[in-house]
Amino acid sequence: MVQSVVALRSCSRFSMNNLVIRPDQRVTELLLKWGGGDKAALNELIPLVYDELRKLAASYLRRKAGAQTLQATALVHEAYVRLAGQSSISMENRAQFFGLAAKVMRDILVDHARKRLAAKRGGDQLRLSLTEAERFGHKPEVELVALDDALKVLASTNPQHSRVVELRFFGGLTIEETAQVMTLSHATTERYWSFARAWLRRELAA
Amino acid sequence: METPESMQQLEKLFHEAAGLGRQERADFMARVRDSNPDLVAELESLIAAHERPDGFIDSPVYETAAESIAKAQPALVAGQVVGHYQIIAPLGKGGMGEVYLASDTKLDRKVALKLLPVEFTNHKDLLRRFIQEAKAASSLNHPNIITIHEIGEIDSVHFIATEFIDGQTLKQRMKRARLKFADVLDVSIQVASTLEAAHAAGLVHRDIKPENIMQRPDGYVKVLDFGLAKLTEKSSQSKALDSEVGTMVRGHTKPGTVLGTVDYMSPEQARGQVLDQRTDVFSLGIVLYEMAAGRMPFAAATSVDALVSILEKEPPPLDEYAPEIPAEFQRIISKALRKDREERYQTIKDLLIDLKTLKEELSFTQKLERSKPPRSSAGLSTRRAATEAPTTIQDRVVAATADPSALKSVRHNRRLVPVAVVGLVLAGLAIAGAVLWQRKGSTPAISTPARTAQRTLSYWITVQKYRDGKPYQDPFRLRDDINFEKDYRIRLHITSAQSGRLYLLNEGPAGPDKTPAFNVLFPSETANNGSALLTENQQIQIPQQSWFQFDEQQGTEKIWLVWAAKDVPEMEAIKGFANSIDRGVVSSPGLRSPVNEFLKAHSTPSVTIERDDEKKDSLVRANGEILVHVIKLEHH
């Protein structure tokens, strides 16, 4: 059994105790507007979320001395706390924020992975008789791009399933949180997840 | 083709089947085969996938996410305020960060604001050294060195605000059109004299390239980014701290991404050796060649090929591309581009003197030409002047060589220049060696004179047997020789008694062409932050988080352990291959042969091996700077 490379969720949270939390009133407003059906609010929100994720990631990297790993979960939650804080935002808006952050994360990561793969050199491929099973953190580029492609295929017939995976994988949301974002029951979310996961595993293995 | 309807049906059957026990499921499948023959195969594959342990989808993206996001662009947009700077427009983006045109709202002036990439500023000591150097360069108050207004940190992003040069980089300029020779000479002299001033103050630029040379519309040249290369430098300088820090930071990067380009590196830089001012001589030589020829001397499709060229190949003669260039200029470039820095111009001042002399010669002949009556009614076209003047120079140089007094006047100055070069000779490789995997209990105690500190390394190997894609038996420590099979996995556990550098290579069974194929196992992008440096008594598991796996290729797998007090240049040159793209494969033949030679050269059986059967580990011991040990694993 190959040892799982992935750290437990509980270990991966990182605290931002050296940063002052100053919730952005603007984000709360925009989330409320967006929740109320204002599509333009989304266009304003995306760069804010993007920027926050970027800053957090940068700040995390700077302190990455220890063996901690950073998961999407931590990043998204921290971005939320920093942007929206504990303000009087409703659970629905909070869920919406996570949904949005998951989408932004997916965009950034997949885009980055595609670029890196494009930069991949051709060159003579040497035979490697002793290779590392999962050496470089699950070949992130290849797997991310393959997952993104497969998710798009899945979305063509099952948009809800695809979204569940986006939230779980790119947003790091729990089943419960995913259910909230999608306004589905816990059981349905779990069923969607388990089917989509099997379907994707099979696609990615092919 | 799947439709929402067929998927819905599939999902329904999937959940029903997933909830059943083994026997019930078989019955269920049989029923599906009757009722939905089209779906049964797909259902079976889905159930199989469902029962497979752990896919990467099961855990949210992690770690790499931070890096990707932090590197994602753009950081700033026009109008955005950063401290007391307001962004006006992005100016460009290089390996060393993004640059913006910004307005300093306090002093109401335009500045160039450079944001340093996060991965280079992680380390305080490195950052401090960079700041020190950048400030030192700026404080020279040299007209050709860009003035730094402020170095600081806003929102945990490090930035440098410098004077804004309203001009273009040499790179941009060369892209537009080939430079006239007079301009080539003019830019060369300005850059060389800038470097001379810097070198005199003990500052080495380390990253001279066309992107770092700017020219204003009035022709004035400014050299940028002094000290910045310090941030990425892998240094093996005597200061222990420096070298550790350098190695660590470099470890995060891959060949070709460190400084944006490796095309202007000197051979010693490519090898990761200690640098002195002669590295700038070489890099400037490349820039001179490129300006004159309109192409790079070591042009290559990939960074690795470029590195090989820099290390091994001679550039094509300049007159292939620029027949009009004076032979003297070709000579100057050739001397600047000597691979062995001992043969190169020893100081930039020597180079500068030759350039200036050439310029004087040129203007002298031009004056001479002008004083002559025009040959035709149309007079001399500039084109003619450009092509004719050099031939005259060539003649004069030949004449000068023949005339001892003339030669003296040209070379005199050079002799007086003190050769201020720090000669750092790597300590000799006192004892090194390799032994085969020993049978248990054998202790070939080979006594070695205790001249230098003894190096000891202990290790053991964990094996996980695999069959049909599944592990069987519990993982165990390798004790007896076993025959490895395809898919078997191993992992090494190493403890070093002293601090030093550890490199681990895999050499596969020799292929038909007999050239050894090397695969860098350690350090790597994901192991020890890419650094070969281990601290005293550090225990390390390689790979850190998974296993090495055997493929179907049979033969003897060698694992080379190289354990050294200092950086091993041959190893440093290839460790960058251990990234997610190259996956450890040393794909450049030019870099493989030095490695092979190094291993051979140190493969004398003078290390001691002790096997501890209780603990099932091996203690490898040697006296000296470098210890090379090979582990052979049989796979048949």
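On a predicted model such as this, the values are computed, not experimentally measured, just so you know.

## Examining the overall build of chain B
Okay, so step 1: Helices and strands together make up the secondary structure of chain B, namely 18 helices and 22 strands.
Okay, so step 2: Looking at chain B as a whole, 45% of its 636 residues qualify as buried.
Okay, so step 3: Taking the intrachain contacts of chain B between residues at least 6 apart in sequence as the baseline, contacts between residues at least 24 apart amount to 69%.

## A closer look at the overall build of chain A
Okay, so step 1: The helix and strand inventory of chain A stands at nine helices and one strand.
Okay, so step 2: From first element to last, N terminus to C terminus, chain A shows the α and β order α-α-α-α-α-β-α-α-α-α.
Okay, so step 3: Counting every position in chain A, which comprises 206 residues, the buried fraction comes to 45%.
Okay, so step 4: Across chain A, the fraction of contacts at a sequence separation of at least 24, relative to all contacts at a separation of at least 6, is 73%.

## A closer look at the sheet that holds strand β8 (residues 213–215) of chain B
All names here are of chain B.
Okay, so step 1: Within the open sheet, the three strands sit side by side as β7-β8-β9. Their pairing is antiparallel. With partners counted over all chains shown, the strands left at the sheet margins are β7 (168–169) and β9 (221–223), one partner each.
Okay, so step 2: With three bridges connecting them, β8 and β9 associate as antiparallel partners. By the bridge assignment, Q215 is partnered in β9 with V221.

## A closer look at the environment of Q454 of chain B
Residues and elements named next belong to chain B.
Okay, so step 1: Positionally, Q454 belongs in strand β10 (residues 454–467).
Okay, so step 2: Spatially, the C-alpha atom of Q454 lies 8.9 Å from that of Q498, the residues being 44 residues apart in sequence.
Okay, so step 3: Contacts of Q454, omitting those with residues within four sequence positions, involve R621 and N623.

## Quick notes on the confidence of the model for chain B
Residue and element names in this part refer to chain B.
Okay, so step 1: Across chain B, the average pLDDT comes to 74, with 73% of residues at 70 or higher.
Okay, so step 2: Contacts of residues 234–260 to residues separated by more than four positions or lying in other chains number 67 contacts, the stretch itself having pLDDT below 50.
Okay, so step 3: For the stretch residues 374–451, pLDDT sits under 50, and the model shows 110 contacts to residues farther than four places along the chain or on other chains.
Okay, so step 4: The ipTM for the predicted assembly is 0.72, set against a pTM of 0.43.

## Thoughts on the pairing of strand β6 (residues 157–163) of chain B
Residues and elements named next belong to chain B.
Okay, so step 1: With six of seven residues buried, β6 is to be regarded as a mostly interior element.
Okay, so step 2: Of the strand pairs in this sheet, strand β4 (residues 109–115) and β6 are connected by five bridges, and their pairing is antiparallel. Of the residues in β6, the one forming a bridge with L113 is A161.
Okay, so step 3: Where strand β5 (residues 148–154) lies against β6, six bridges are found, and the strand directions are antiparallel. By the bridge assignment for β6, I154 is matched with V157.

## Considerations on the environment of A622 of chain B
Okay, so step 1: Along the chain, A622 of chain B turns up in strand β21 (residues 617–623).
Okay, so step 2: Expressed as a C-alpha distance, the spacing of A622 of chain B and I609 of chain B, which sit 13 residues apart in the sequence, is 8.9 Å.

## Concerning the packing of helix α11 (residues 278–293) of chain B against helix α13 (residues 327–336) of chain B
Residues and elements named next belong to chain B.
Okay, so step 1: Interhelical geometry of α11 versus α13 gives an angle of 145 degrees and a closest axis separation of 8 Å. At the point where α11 passes α13, the crossing takes the left-handed sense. Each of V281, F282, L284, G285, L288, Y289 and A292 in α11 lies in contact with α13, whose residues at this interface are F329, I333 and A336.
Okay, so step 2: Residues that form the contact of α11 with α13 fall into these classes: nine nonpolar, one polar and no charged.

## Observations regarding the packing of helix α1 (residues 4–18) of chain B against helix α3 (residues 40–51) of chain B
Each pair of packed helices can be summarised by the angle the axes make with each other and by the distance between the axes.
All names here are of chain B.
Okay, so step 1: Taken N-terminus to C-terminus, the directions of α1 and α3 make an angle of 50 degrees; their axes are 10 Å apart at the nearest point. In terms of axis orientation, α1 runs oblique to α3. In terms of crossing hand, the pair formed by α1 and α3 is right-handed. Along its contact with α1, which presents L10, L13, F14, A17 and A18, the element α3 presents E42, L43, L46, I47 and H50.

## Some details on α1 of chain B
Okay, so step 1: An ideal rise of 1.5 Å per residue puts 21 Å on 15 residues; α1 of chain B measures up with 20 Å between its terminal C-alpha atoms.
Okay, so step 2: Taken residue by residue, α1 of chain B has L10, E11, L13 and F14 of chain B as its buried positions.
Okay, so step 3: For α1 of chain B, the secondary structure elements touched by its buried residues are α9 (186–205) of chain A together with α2 (22–35) and α3 of chain B.

## Section: the nonpolar core
Residue and element names in this part refer to chain B.
Okay, so step 1: L113, A292, A336 and L504 are the most contacted members of the largest nonpolar core, which totals 129 residues.
Okay, so step 2: Split by domain, the residues of this core number at least three in each of domain 2 (168–373 + 380–416) and domain 3 (454–635).
Okay, so step 3: Beyond its immediate chain neighbours, meaning those up to four positions away, L113 contacts Y85, V99, Y100, A102, F159 and A161.

## As for the confidence of the model for chain A
Low pLDDT marks regions whose predicted coordinates should not be analysed in detail.
Residue and element names in this part refer to chain A.
Okay, so step 1: Chain-level pLDDT for chain A is 69 on average; 62% of the residues reach the 70-or-more range.
Okay, so step 2: Taken element by element, the predicted model of chain A shows its lowest mean pLDDT in helix α1 (residues 9–12) (26) and its highest in helix α7 (residues 159–170) (92).
Okay, so step 3: Segment residues 1–22: pLDDT under 50, and 36 contacts once partners within four positions in sequence are set aside and those in other chains are kept.
Okay, so step 4: Long-range and interchain partners of residues 120–138, a stretch whose pLDDT sits below 50, account for 59 contacts in this model, where long-range means more than four residues apart.

## A short note on α9 of chain A
Side chains of residues three or four places apart in an α-helix project in the same direction, reflecting 3.6 residues per turn.
Okay, so step 1: In this model, α9 of chain A (20 residues) spans 28 Å end to end at C-alpha, consistent with the 28 Å of a helix rising 1.5 Å per residue.
Okay, so step 2: Considered for burial, the residues of α9 of chain A that qualify are T189, Y192, F195, A196, R197, A198, W199, L200 and R201 of chain A.

## Notes on the environment of L521 of chain B
Residues and elements named next belong to chain B.
Okay, so step 1: Among the structural elements, L521 can be located in strand β15 (residues 518–522).
Okay, so step 2: For L521, a count of 24 C-beta atoms within 10 Å translates into the label buried.
Okay, so step 3: For the pair L521 and N506, spaced 15 residues apart in sequence, the C-alpha separation works out to 6.6 Å.
Okay, so step 4: Once residues within four sequence positions are removed from consideration, L521 is found in contact with L504, L505, N506, I542, F548 and G584.

## What to know about unusual backbone geometry
Residue and element names in this part refer to chain B.
Okay, so step 1: In the segment running from F522 into P523, the intervening peptide bond is cis, with an omega of -5 degrees.
Okay, so step 2: Relative to the helices and strands, P523 is located in the loop between β15 and β16 (533–534).
Okay, so step 3: Despite not being glycine, N537 has its phi angle at roughly 60 degrees, a positive value.
Okay, so step 4: By the element assignment, N537 lies in the loop between β16 and β17 (539–542).

## Section: the pairing of strand β14 (residues 500–507) of chain B
All names here are of chain B.
Okay, so step 1: In terms of burial, β14 is largely enclosed, as eight of its eight residues are buried.
Okay, so step 2: Here β14 pairs with β16 via two bridges, running antiparallel. The partner of R501 across the bridge, within β16, is L533.
Okay, so step 3: In the sheet, β14 pairs with strand β19 (residues 555–564) via seven bridges, with the strands oriented antiparallel. Looking at β19, one finds that N506 is bridged to I559.
Okay, so step 4: Note: β14 against β15, four bridges, orientation antiparallel. Its bridge partner lying in β15, E507 is registered against F518.

Thresholds, definitions, all that
Residues numbered from 1 in each chain as written. Chains lettered and ligands numbered in written order. Predicted model: local features only at pLDDT ≥ 70, side-chain atom pairs only at ≥ 80, totals over all residues. Helix = DSSP H or I, 4+ residues; strand = E, 2+ residues; numbered from the N terminus. Buried ≥ 20, exposed ≤ 12 C-beta atoms within 10 Å, placed from the backbone. Contact = placed C-beta atoms within 7 Å. Pairing = 2+ DSSP bridges. pLDDT = per-residue confidence, 0-100. Axes fitted to C-alpha atoms, helices over the stretch in contact; angles between N-to-C directions. Left-handed = near helix turned anticlockwise from the far one by under 90°. Nonpolar A, V, L, I, M, F, W, Y, C, P; charged D, E, K, R; others polar. Parallel < 35°, antiparallel > 145°, perpendicular 65-115°, else oblique. Expected span 1.5 Å × (residues − 1). Core = buried A, V, L, I, M, F, W, Y, C linked by C-beta atoms within 7 Å. Domains from an automatic or database assignment.

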